[in-house]
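What follows is each chain in one-letter form.
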Amino acid sequence: MQYQAPANDLRFLLFDVLGADKLHELEKYADATPDLISAVIDEAGKLAAEVIQPTNQPGDRQGCSYDPETKSVKTPDGFKQAYDKFVEGGWTALDAPIEFGGQGLPHTLKFIVDEMVCSTNLSLGMYPGLTHGAISALFEHGSDELKNTYLEKLISGEWTGTMCLTEPQCGTDLGLIRTKATPNDDGSYAIEGTKIWITGGEHDLVDNIVHLVLAKLPGAPDTTKGISLFVVPKVLPDSGERNPAFCGGLEHKMGIKGSATCVMNFEGAKGWLVGEPNKGMSAMFTMMNEARLDGRHAGPGPG
Ligand SMILES: Cc1cc2nc3c(=O)[nH]c(=O)nc-3n(C[C@H](O)[C@H](O)[C@H](O)COP(=O)(O)OP(=O)(O)OC[C@H]3O[C@@H](n4cnc5c(N)ncnc54)[C@H](O)[C@@H]3O)c2cc1C
């Protein structure tokens, strides 16, 4: 059955119930006129029906595959092409900050687009979904240097992002994490530990994956008050070197098999602190709250 976006219902909800027809009266959202919002709904509906939905059922049947030799993950046929069209259309940048190449439109509009993307292929929607969370966490808590290094490419969709919290011995109770961050001489940290159930941890849609990782600094309290947040890229942006953050395998799931849910091994990978030491939980909540609002994540805890 061909997906048909509920465009008129969305317009009714946005304009007649939620008052989104007045958003353009706010200086920040001057561009978000009812005509523009309406056009975004129609275009997103077309993309969802024509590009994204056809990848859904075959993608779930085929699933992602893992190559233990190269530690790489292949997404189902057609995912890369659909993701590229999503990126070309500027959909990853819709509500992102203008100063880093985003379009600065209201978040409400992004949620409408998410609704269509996730209705037509949840697995595919999770790659840009987690990236959006990484953008928000870096934008809110990252230093200017980190923002300048990562935000533009995450917003353009050239790179994707992850959220690395869960470990084999802890899901909900993150105070139990064991991943360690040891200071290097150059201001970076060596990240060591294993994360599990990491959405988009490894895949072939883009060349670089930016992991946001919870880890503990030496001597940190043994509770959630001792957790810090680090940005750990798959490929180091300055040198182009491969960072030792490798996928150790794929989790087996009942559905959303086109979403690469990965075991990730950080083997002394280079990372940089995001925000204050030991304040990682509050920084990560920027990301987790978004994932929860999106409703993309099945996990009872952070994911
Ligand atoms: C499809 C999918 C994608 C995911 N993606 C990510 C991701 O991108 N990044 C990531 O870090 N994780 C991810 N996760 C992991 C997910 O966030 C975890 O499953 C979640 O944190 C719960 O952990 P757990 O499965 O170990 O359950 P547990 O922590 O064992 O919890 C099981 C149940 O026990 C309850 N419980 C646990 N401890 C207590 C307590 N002390 N008191 C009372 N009740 C308690 C919980 O509320 C829950 O109902 C993903 C999971 C799935 C299924």
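Quick word on the overall build of the protein chain
In terms of helices and strands, the protein chain carries eight helices and nine strands. On C-alpha atoms alone, the protein chain measures out to a radius of gyration of 19 Å, which is about the 19 Å that the 2.2 N^0.38 rule sets for 303 residues. Within the protein chain, the fraction of its 303 residues that count as buried is 52%. For the protein chain, contacts bridging at least 24 residues in sequence account for 70% of all contacts bridging at least 6. For the protein chain, the accessible surface area stands at approximately 13900 Å², while carbon and sulfur atoms represent 52% of it. A distance of 6 Å separates the average location of the 25 positive side-chain charges in the protein chain from that of its 41 negative side-chain charges.

Some thoughts on the domain arrangement of the protein chain
For the protein chain, the assigned domains read domain 1 (7–133) and domain 2 (159–294). Distance between the C-alpha centres of domain 1 and domain 2: 24 Å. Here domain 1 and domain 2 share an interface that buries about 2400 Å² over both sides, 63% of which is from carbon and sulfur atoms. The three residues of domain 1 that bury the most area against domain 2 are V73, Y127 and L130, which together make up 25% of that side's buried surface. Where domain 1 touches domain 2, the interface holds zero salt bridges. Linking domain 1 to domain 2 there are 12 residue pairs in polar contact (both at pLDDT 80 or more). Among the elements of the structure, α3 (56–62), β1 (65–67), β2 (72–74), α4 (79–88), α5 (107–120) and α6 (122–141) are those that each provide at least two residues to the side of domain 1 that touches domain 2. Ranked by the residues each element gives to the side of domain 1 that touches domain 2, the list is headed by α6, at nine residues. Looking at the side of domain 1 that touches domain 2 residue by residue, the class counts come to 11 nonpolar, 10 polar and seven charged.

Description of unusual backbone geometry
The phi angle of most residues is negative, glycine excepted, and most peptide bonds adopt the trans form. Within the chain, K71 stands out as a residue other than glycine whose phi angle is a positive 60°. By the element assignment, K71 lies in the loop between β1 and β2. A positive phi is found at I256, a non-glycine position, where the angle reads about 35°. Considering the arrangement of structural elements, one finds I256 in the loop between β8 (245–250) and β9 (261–274). Judged by relative accessible area, I256 falls into the partly exposed class, the value being 25%.

A short note on the packing of aromatic side chains
The tally for this structure, following the rule as stated, stands at three aromatic pairs. Positioned over the ring face of F111 is K110, at 4.7 Å from the centre of the ring.

A look at empty space enclosed by the protein
On inspection of all chains with the given rule, the structure shows three cavities of 30 Å³ or more. Of the volumes computed, that of the largest cavity is approximately 160 Å³. Contributions of two or more residues to the lining of the largest cavity are made by α5 and α6. The element best represented in the lining of the largest cavity is α6, accounting for six residues. Tallied by class, residues from the lining of the largest cavity come to eight nonpolar, five polar and four charged.

Here's the deal with the side chain of K234
With respect to the element layout, K234 can be found in the loop between β7 (228–233) and β8. With relative accessibility at 11%, the residue K234 sits in the buried group.

So, the confidence of the model for the protein chain
Averaged over the protein chain, the pLDDT score is 94; the fraction of residues at 70 or greater is 96%. Across residues 298–303 the pLDDT falls below 50, and counting only partners more than four positions away or on other chains, this stretch makes 13 contacts in the model.

Some points on α5
With 14 residues, α5 extends 20 Å between its outermost C-alpha atoms, agreeing within 8% with the 20 Å of an ideal straight helix rising 1.5 Å per residue. Among all positions of α5, only L109, K110, I112, V113, D114, M116, V117 and T120 are buried.

Here we look at the nonpolar core
Counting residues in each nonpolar core, the largest one holds 55 residues, and the members touching the most others are I37, I41, W91, M116, I191, F230 and F266. A total of nine residues in this core trace back to one element, the largest contributor, which is helix α2 (residues 34–52). Mapping this core onto the domain boundaries places at least three of its residues in each of domain 1 (7–133) and domain 2 (159–294). When residues no more than four places from it in sequence are discounted, the contact partners of M116 are Y3, A5, L10, I41, A44, G45 and A48. Judged by nonpolar contacts, the second largest core, of 31 residues, contains A96, L146, L151 and M284.

Regarding the pattern of salt bridges
By the definition in use, this model includes 11 salt bridges. Residues D42 and R11 are paired through a salt bridge, measuring 3.1 Å at the closest nitrogen-oxygen approach. In this pair, D42 sits in helix α2 while R11 sits in helix α1 (residues 7–17), placing the two residues 31 residues apart along the sequence. Under the relative-accessibility criterion, D42 is labelled partly exposed at 36%. D21 is the partner of K22 in a salt bridge, and the nearest nitrogen-oxygen pair spans 4.0 Å. The exposure class of K22 is partly exposed, given its relative accessible area of 48%. Taken together, the shared-partner salt bridges connect E202, K234 and R242 into one network.

Conventions we followed
Residues numbered from 1 in each chain as written. Predicted model: local features only at pLDDT ≥ 70, side-chain atom pairs only at ≥ 80, totals over all residues. Heavy atoms only, no water. Helix = DSSP H or I, 4+ residues; strand = E, 2+ residues; numbered from the N terminus. Rg over C-alpha atoms; globule rule 2.2 N^0.38 Å. Buried < 20%, exposed > 50% of the residue type's maximum accessible area, 1.4 Å probe, protein only. Contact = heavy atoms within 4.5 Å. Areas by Shrake-Rupley, 256 points an atom, 1.4 Å probe, with all protein chains shown as cover. Lys, Arg positive; Asp, Glu negative; His and termini not counted. Charge placed at Lys NZ, Arg CZ, Asp CG, Glu CD. Domains from an automatic or database assignment. Buried area = accessible area lost by both parts, 1.4 Å probe. Salt bridge = Lys/Arg side-chain N within 4 Å of Asp/Glu carboxyl O. Polar contact = N/O pair within 3.5 Å; in protein donor to acceptor, adjacent residues only side chain to side chain. Nonpolar A, V, L, I, M, F, W, Y, C, P; charged D, E, K, R; others polar. Phe/Tyr/Trp six-rings, centres within 6.5 Å; stacked < 30°, edge-to-face > 60°. Lys NZ or Arg CZ within 6 Å of the ring centre and 35° of its normal. 1 Å grid on protein atoms, 1.4 Å probe; cavity = no way out; pocket = protein on both sides within 12 Å on 5 of 7 lines; lining within 4 Å. Points joined across faces, edges and corners; volume = space filled by probe spheres on them. pLDDT = per-residue confidence, 0-100. Expected span 1.5 Å × (residues − 1). Core = buried A, V, L, I, M, F, W, Y, C linked by side-chain atoms within 4.5 Å.

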